[in-house]
Amino acid sequence: RLDADFGKEGAHDILWLRTSFNLDLPQGWVIPIALKISGFEKKVNMYFNGHFLGRYRSEGPQEKFYIPEPWLREKDNKLVLMVDGWQPGIALGEIGLESYPPKKKLQITLQME
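Every chain begins its residue count from 1, and numbering advances along the sequence as written. Local features in this predicted model are restricted to residues whose pLDDT is 70 or higher, and side-chain atom pairs enter the listing and the counts only when it is 80 or higher, whereas totals over whole chains, interfaces and linings include all residues. Note that water and hydrogens are dropped before the side-chain values are worked out from all heavy atoms of the structure.

Chemist: Quick question: what am I supposed to make of the layout of surface pockets here?
Modeler: Space left empty within the atom packing is revealed by a probe, the size of a water molecule, rolled over the atoms. In this analysis the probe radius is 1.4 Å and the grid spacing 1 Å, with only protein atoms considered; a cavity is a set of points the probe fits into but cannot get out of, a pocket is an open set with protein on both sides within 12 Å along at least five of seven lines, and lining residues have an atom within 4 Å of a point. Grid points are joined across faces, edges and corners, and a volume is the space filled by probe spheres set on the points. A volume near 290 Å³ is recorded for the largest pocket. Around the largest pocket, the lining is made up of 14 residues, and of these Leu25, Pro26, Trp29, Glu69 and Lys105 lie nearest the centre.

Chemist: Just to check I follow, could you spell out the nonpolar core for this structure?
Modeler: Across soluble globular proteins, nonpolar side chains have a tendency to be buried as a group. Among the buried residues, those of types Ala, Val, Leu, Ile, Met, Phe, Trp, Tyr and Cys that are joined through side-chain atoms within 4.5 Å form a nonpolar core. Categorising residues by exposure relies on relative accessible area from a 1.4 Å probe, with only protein chains included: less than 20% of the type maximum marks a residue as buried, more than 50% marks it as exposed, and the intermediate range marks it as partly exposed. Core analysis: the largest hydrophobic core is formed by 22 residues, its most contacted members being Phe40, Val44, Met46, Leu53 and Ile67. Strands are runs of DSSP state E lasting at least 2 residues, helices are runs of H or I lasting at least 4, and numbering of each runs from the N terminus. Within the residue set of this core, elements represented by two or more residues are strand S1 (14-21), strand S3 (33-38), strand S4 (43-48), strand S5 (51-56), strand S6 (64-67) and strand S7 (77-84).

Chemist: Can you walk me through the sheet that holds S6 in this structure?
Modeler: Pairing between the strands of a sheet is mediated by backbone hydrogen bonds and can be parallel or antiparallel. Paired strands, in this sense, are two strands between which DSSP finds at least two bridges. Pairing is antiparallel across the open sheet formed by three strands, whose spatial order is S6-S3-S8. One side of each edge strand has no neighbouring strand; the edge strands of this open sheet are S6 and strand S8 (94-99). Neighbouring strand axes in the sheet, compared pairwise and without regard to direction, differ in orientation by 25 degrees on average. Of the strand pairs in this sheet, S3 and S6 are connected by four bridges, and their pairing is antiparallel. Counterpart to alanine 34 in the pairing with S6 is tyrosine 66. Each axis is a line fitted through C-alpha atoms, taken for helices only over the stretch in contact, and angles between the N-to-C directions span 0 to 180 degrees.

Chemist: When you look at the side chain of asparagine 45 in this model, what are you seeing that I'm missing?
Modeler: Looking at the secondary structure, you find asparagine 45 in strand S4. Classification of asparagine 45 by relative accessible area gives buried; the value is 12%. We call two residues in contact whenever any of their non-hydrogen atoms come within 4.5 Å of each other. Beyond its immediate chain neighbours, meaning those up to four positions away, asparagine 45 contacts Phe52, Gly54, Arg55, Arg57, Val80, Leu81 and Met82.

Chemist: Please explain the sheet that holds S4 as it appears in this structure.
Modeler: Across the sheet, which stays open at both edges, the four strands sit in the order S1-S7-S4-S5 with antiparallel pairing between neighbours. The outermost strands of the open sheet, each flanked by one partner alone, are S1 and S5. Neighbour-to-neighbour, the strand axes of the sheet open up by a mean angle of 20 degrees, direction not taken into account. Sheet topology note: the S1/S7 ladder contains eight bridges and is antiparallel. Across the sheet, residue threonine 19 finds its bridge partner in S7, namely leucine 79.

Put into structure tokens, the structure is as follows:
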């Protein structure tokens, strides 16, 4: 859960929230990951490792945003949220990561004749 004192840089009704984290994913597996966000009262633009991930709106319907595998890092993943229309006392909601079903990586070698 994020609160108003986390990463605060309020200016012109825009609040920037930043966090970073490491991932410890098992080798040899593809584990698709999504950012899950809910409960924010205002518009939120999301950026993951320098890439624009999507826009959350409180009226919905989307609350889960797939993170492409090439964007993921083992260490120092950065998530930045831009809350548009922020004012003191507005609910900031919750964010988290959620995995889709994992799949074993396959290596197939083809020989052309």
